[in-house]
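Understanding the architecture of this molecule
Each chain, written out:
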Amino acid sequence: MTALPSSLTLGSLRVETPVVLAPMAGITNAAYRRLCAEQGAGLYVCEMITSRGLVERDETTLKMLVFDELETTRSVQLYGTDPVYVGKAAEILCGEYGVAHIDLNFGCPVPKVTRKGGGGALPWKRALLGEILEHAVAAATPYGVPVTMKTRKGIDDDHLTYLDAGRIAQESGCAAIALHGRTVAQSYSGQADWSAIARLVEHVDIPVLGNGDIWEAADAVRMVEETGVAGVVVGRGCLGRPWLFRDLAAAFAGEVVATLPTLGEVADMMRRHAQLLCDHMGEERGCKEFRKHVSWYLKGFAAGGDMRRSLAMVDTLADLDRLLADLDRDEAFPVQELGTPRGRQGSPKSRVALPEGWLDDTDGTDVELREDASETTGG
């Protein structure tokens, strides 16, 4: 049995618990990262931003680059398809924003991204992938900032890229590679293939982080034991459950803990989340941002439809307080929800949207790809 790692080393950066919060568009803003960090040590990654948006000082991109005052380790995921832009963006993140870690996204399955050769489609072009990674590493190295990459198994089962991507990441000087055990065609459907993660661990010498189907702390432990990963990346599993990071920290410390909060304790967490959003964004926008989280927090609880609808329309913290006070604080956590998928799942795609002729060769050095400055999604 593989011994559980107690920490994670990414170049010069030491993470006290080998757990990384996956960047999720519209979710992992400064308020949510603070909320999760309050639960347990780990690495909490900012929403993905585009290299072009940062270099061209796009207003929306810059607004996403906000950090909480207690966020001592700044981590940002960068998306890009042009090596020069990615290098310039990495320089800006290190020099102007004082980031301690940069992650490059090559895992996004969204058609509007893959159609342009970005996200999970890009690793098919091995030479282009190498160029992008080398530019990022070269820009970040003088600052001592580690660069990692996140990817998927491949475009589909007939066009796998993850082993080559791991080799290229290692050769380019990346500090680690994270693998989501699904193909682009799978999107978020079906089951993650942990055996592919284990093969990547055997294939490279740099740390591998595993991603996919970690719904409980016990899943993270099992992934480490089955694959030998150096750490785990958690995305949808923490939606409406920031305390998952408390469980994860305990599990990697050798303690078996499963937090089963009462509805009252969940309500307190909801209130804390809303307060942090309002602190960062102002009350009106903060309350609007909070609305999307209501159904995740209340998943499995008996709170009725009228209550859920009202909570999903709150405009002020006072309204939120009034509604939360009507919940049955003693209601037990719905144990049937443990270990079940959360967030988007969808269905597999019969065909992945790609640029014309994309699969004709695996080089990509002469390919010119146009990225949108405001692209915001995850993988």
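Notes on the structure in this doc start here.

What counts and what doesn't
Residues numbered from 1 in each chain as written. Predicted model: local features only at pLDDT ≥ 70, side-chain atom pairs only at ≥ 80, totals over all residues. Heavy atoms only, no water. Helix = DSSP H or I, 4+ residues; strand = E, 2+ residues; numbered from the N terminus. Rg over C-alpha atoms; globule rule 2.2 N^0.38 Å. Buried < 20%, exposed > 50% of the residue type's maximum accessible area, 1.4 Å probe, protein only. Areas by Shrake-Rupley, 256 points an atom, 1.4 Å probe, with all protein chains shown as cover. Lys, Arg positive; Asp, Glu negative; His and termini not counted. Charge placed at Lys NZ, Arg CZ, Asp CG, Glu CD. Pairing = 2+ DSSP bridges. Right-handed = clockwise from strand over helix to strand, strands pointing away. Axes fitted to C-alpha atoms, helices over the stretch in contact; angles between N-to-C directions. Contact = heavy atoms within 4.5 Å.

Assigned secondary structure in the protein consists of 15 helices and 12 strands. The globule rule puts the C-alpha radius of gyration for 379 residues at 21 Å, and the 20 Å found for the protein is close to it. With respect to the principal axes defined by its C-alpha atoms, the protein has extents near 60 × 50 × 40 Å. Taking all 379 residues of the protein together, the buried fraction comes to 59%. As presented, the protein carries roughly 14,900 Å² of accessible surface, and 48% of it is formed by carbon and sulfur atoms. Here the protein carries 39 positive and 54 negative side-chain charges, and the mean point of each set is 4 Å from the other.

Most of strand β10 (residues 176-180) is tucked away: 5 of the 5 residues are buried. Side chains Ala176, Ala178 and His180 of β10 all project onto a buried face; the interleaved residues Ile177 and Leu179 project onto the opposite face, where all are buried too. Direction of pairing for β10 relative to strand β11 (residues 208-211): parallel, over a ladder of 4 bridges. Its bridge partner lying in β11, alanine 178 is registered against leucine 209. Each parallel crossover has a hand, and for β10 linked through helix α8 (residues 194-203) to β11 it is right-handed.

Residues other than glycine seldom take positive phi values, yet arginine 57 does so here, at roughly 55°. Inspection of the secondary structure puts arginine 57 in the loop between α2 (51-55) and α3 (59-64). Non-glycine residue serine 187 carries a positive phi angle of around 55°. Looking at where serine 187 falls in the secondary structure, it is placed in the loop between β10 and α8.

Another aspect to go through is the sheet that holds strand β4 (residues 43-50). Reading around the circumference, β3-β4-β5-β6-β7-β10-β11-β12 is the order of the 8 strands in this closed barrel, with parallel pairing throughout. In this sheet, neighbouring strand axes are inclined to one another by 30° on average, regardless of whether the strands run parallel or antiparallel. Direction of pairing for strand β3 (residues 19-21) relative to β4: parallel, over a ladder of 2 bridges. For leucine 21, the partnering residue across the bridge sits in β4 and is tyrosine 44. The strands touched by helix α6 (residues 126-140) within the sheet are β6 (101-106) and β7 (147-152), with β6 carrying the most contacts at an inclination of about 170°. Running at roughly 165° to β3, helix α10 (residues 244-252) makes contact with β3, β4 and β12 (231-234) of the sheet.

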